[in-house]
Amino acid sequence: MTARSARTFSDLGPRVAAVLVASSLFGCGAGREPARSRAPAEPVATVVLPEPSAPSASAAAPSPAPPAAEPIVVVADPGILAELDRSGFDAGTLVTGSPAHSTRELAASPAFRAVTSVIAEDLARDRAADPASGVGMRFAHRQFDPRWLASDAARFELVGVVNRLDRRPFAPEHCGEVRFVYRLAYSVETKAGRMDSRLPMTLNVVSYQEPDAQGSCKDVAGSWLRPAGVRERGEEGKYLVGATGPLAPERRARWVPKSVETNFQSVRWPSTVRPSMAGHAEYVLRVFRRTEKAPFLVPAPLENTPDVARLSRDPALRGELLAFLRNAEVALDRGTLVVPERFLATRAVSVSPHGLARRANRLYRSLFSPEDVRSAVPSGSGTIASPVAFLRRLDAMTCPGCHQSRSIAGFHFLGVEPESDVVDALAVPMSPHFHAELERRRPYVTALAEGRSPDEFRPFAEHAPGDDGVGARCGLGDPGFSAWTCGAGLACVRHFDDELGECEPVNGPGYGDSCESGPVTVERDPHRDSVRLAAKASCGEGRVCEENAVGFPGGMCSGGCDSLPPGATCGGIALLTEFNDCLAAGTPFDRCVAQHTRPGAVRACGFHAPCRDDYVCARGPNGAACIPPYFTFQLRVDGHPL
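On a predicted model such as this, the values are computed, not experimentally measured, just so you know. (Residues numbered from 1 in each chain as written. Predicted model: local features only at pLDDT ≥ 70, side-chain atom pairs only at ≥ 80, totals over all residues. Heavy atoms only, no water.)

Topic: the overall build of the chain
On a plain count of helices and strands, the chain comes out with 19 helices and 23 strands. A buried classification covers 60% of the 642 residues belonging to the chain. The contacts in the chain between residues at least 6 apart in sequence include a share of 71% that link residues at least 24 apart. Summing over all exposed atoms, the chain offers an accessible surface of approximately 24,000 Å²; the carbon and sulfur share of this is 53%. (Helix = DSSP H or I, 4+ residues; strand = E, 2+ residues; numbered from the N terminus. Buried < 20%, exposed > 50% of the residue type's maximum accessible area, 1.4 Å probe, protein only. Contact = heavy atoms within 4.5 Å. Areas by Shrake-Rupley, 256 points an atom, 1.4 Å probe, with all protein chains shown as cover.)

Some points on the pattern of salt bridges
Tallied over the full model, the rule gives 46 salt bridges. Linking Glu546 and Arg598 is a salt bridge whose minimum nitrogen-to-oxygen distance equals 2.9 Å. Of this pair, Glu546 sits in strand β18 (residues 543-546) while Arg598 sits in strand β21 (residues 597-603), and the two are 52 residues apart along the sequence. Among the ionic contacts, a cluster of salt bridges with common partners joins Arg362, Arg392, Asp395, Arg406, Glu462, Arg473, Asp497, Glu499 and Asp613. (Salt bridge = Lys/Arg side-chain N within 4 Å of Asp/Glu carboxyl O.)

Here we look at the pairing of strand β15 (residues 500-505)
The element β15 is largely enclosed, with a buried count of five among its six residues. In this sheet, β15 lies alongside strand β13 (residues 473-475) in antiparallel orientation, the contact comprising three bridges. When the bridges of β15 are listed, Cys474 appears paired with Gly501. For strand β14 (residues 490-493) and β15, the ladder comprises four bridges, and the chain directions are antiparallel. Following the sheet pairing, Val493 is matched in β15 by Glu502. Linking β14 to β15, which pair antiparallel, is a turn of six residues. (Pairing = 2+ DSSP bridges.)

Here we look at the environment of Glu462
Checked against the element boundaries, Glu462 lands in the loop between α17 (438-449) and β13. Note on Glu462: relative accessible area 2%, which makes it buried. Spatially, the C-alpha atom of Glu462 lies 8.4 Å from that of Ala472, the residues being 10 residues apart in sequence. Discounting chain neighbours no more than four positions away, the residues touching Glu462 are Leu356, Arg392, Ser405, Arg406, Arg473, Trp484 and Leu500.

Thoughts on helix α18 (residues 576-584)
Owing to its 3.6 residues per turn, the α-helix aligns residues three or four sequence positions apart on the same side. Of the residues making up α18, those classed as buried are Phe579, Asn580, Cys582 and Leu583. Relative to the axis of α18, the buried residues are bounded by an arc of 155° and lie together on one face. Relative to its buried face, α18 has exposed residues pointing more than 90 degrees away, namely Thr577 and Ala584. Buried residues in α18 make contact with β20 (568-574) and α19 (589-595). (Arc of directions from axis to C-beta.)

Observations concerning the sheet that holds β15
Strand order across the open sheet formed by three strands is β13-β15-β14, with antiparallel pairing between neighbours. Here the strands that pair on one side only, and so sit at the sheet edges, are β13 and β14. Taken over all neighbouring pairs, the strand axes of this sheet differ in orientation by 50° on average, direction set aside. (Axes fitted to C-alpha atoms, helices over the stretch in contact; angles between N-to-C directions.)

With respect to the state of the cysteines
The final tally for this structure, using the stated rule, is nine disulfides. A disulfide bridge connects Cys561 with Cys570, and the sulfur atoms are separated by 2.0 Å. Judged by the sign of its S-S torsion, about 80°, the bond between Cys561 and Cys570 is right-handed. Residue classification places Cys561 among the partly exposed residues on the basis of a relative accessible area of 26%. Since its relative accessible area comes to 17%, Cys570 is described here as buried. Covalent S-S linkage joins Cys582 and Cys592, the inter-sulfur distance amounting to 2.1 Å. Looking along the S-S bond of the Cys582-Cys592 disulfide, the torsion reads about -85°, which is the left-handed sense. One end of the pair, Cys582, is in helix α18; the other, Cys592, is in helix α19, with 10 residues separating them in the sequence. (Disulfide = S-S within 2.5 Å.)

A short note on α17
Helix length check: α17 (12 residues) gives 17 Å between terminal C-alpha atoms against 16 Å at 1.5 Å per residue, within 8%. Most of α17 is tucked away, with nine of its 12 residues classed as buried. Listing the buried residues of α17 in full gives Leu438, Arg440, Arg441, Arg442, Tyr444, Val445, Ala447, Leu448 and Ala449. (Expected span 1.5 Å × (residues − 1).)

With respect to the side chain of Gln634
Looking at where Gln634 falls in the secondary structure, it is placed in the segment after β23 (625-627). Given the relative accessible area of 1%, Gln634 is considered buried. A polar contact is formed between the side chain of Gln634 and the side chain of Arg183, at a distance of 3.0 Å. (Polar contact = N/O pair within 3.5 Å; in protein donor to acceptor, adjacent residues only side chain to side chain.)

Here you go:
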């Protein structure tokens, strides 16, 4: 990501962890919902920006203009969120209508049980199809433990409130959405001591924002402009729920509940089981629509996500979908396509690593060939200029495609953690895709608030405008991606995907770059996917290639921690067998980290220096470092106390 696409966070210092600007949270949803029962509502977002530059000292200089109100797009400050949680925005109140401080309390509600029963059925079906799967590290394929969803020790923490005014094109009768994002977490006493961690599951509660009596969204958008004088945390929290704020009781009373959305890591295979791919993980995506009567929440179609199995069995229905797509090129080009629900699935699974190189994340490509859509490619399009780009644009708009495009494993926002947390904490709580959305969404809110028409164009999830830095996706020759180029000093390198490469230094890989890759061999069953690893790239004198087989997707150039160049830092690299044995014995994660890691040079990272795909920017004693996601305890389902 270039400095241009990341500039919103410049100079924020510690408060960058507080309040973020914009977001791509849960790009999938239940499409256009007819809506109706009025249930608990949801909150908003605040923005902290750098202080304006000091005015000139010259007496002749004009008086500086008063600072403008700033668009509120995402609230992520843990302090503000804690206040909201205590003020009726907890998961229990928003999902079931009653406060709940643990998942056991939530499970007393028929609505929440309707959600968890579907999750339990999904997991049971997966276990029946895969005898190697089960809960705990004694299994080769380690599953999500459904007991976390009815436990006194587990809870859903509010980690973000998201203003999605930009979702207006998908339901024009409303003023976009407001979303509350929760993360599953636990605190438990074990024989080895107290253990606290978050888990790889998010819950998203979504409501529509409503226009005024004249059908305008100007007033709604205006409530999301934080007054210039509101700067301190206490003031921000009061503004959000105050009379003119977006979470005001009068405004909330008009919201129309839309859906409850879940995303969780259902199973993880360690790299020892799938060495050529550095492991395998699956994420189940579900959307639940509210109903007036029991069970109150029922599975709903996933936005723009085709039911591949059903369509494959029904050639006539598949033909209807193809005909629809051939006549929807304008909406597809702009990123505002709405596929009719009769074609859609109610459950989707995204797989990791390697994003859209995996056929399981390419639902439209599984149904159609480039030749099928050739006649639909319009002339002069900037985003779907070839049949290959046409299908990839479609796939990136599905739930699996979006959640695997420049993401943190299968997520886009995971929440800010206390600054005191160093072990098992993320330095950057958002994906590169989420971050790149900042520039698009902030002016959208401002335009609506000022009565202007906002730009409705939505870029590719995999490639933001101006994104040409290290790790950016780039074209490998197809004319549909000819504009996806790399910046100065970088070259487009093929790794796993035959359509898109990654931008890397022209003089060869450095610390943190890929060193062991090859084409992905995809199967109808993603459990059988593999990588034909090519010869290792040279990492340079004194450096080594950390291999896929020990958990590094694509391999990673590393080395000793002496005399590190700019852009590198000293991180901890787990001793695979010893580390996993330590977790299996029930030892707290921080002790396993202290006892069973070795120092190694890795890529330094931050908001302006994102990690490459399939890596996360984690905190460490020597600063933020890029590591595989499953080297963090909170992003793996295995090793946690049961």
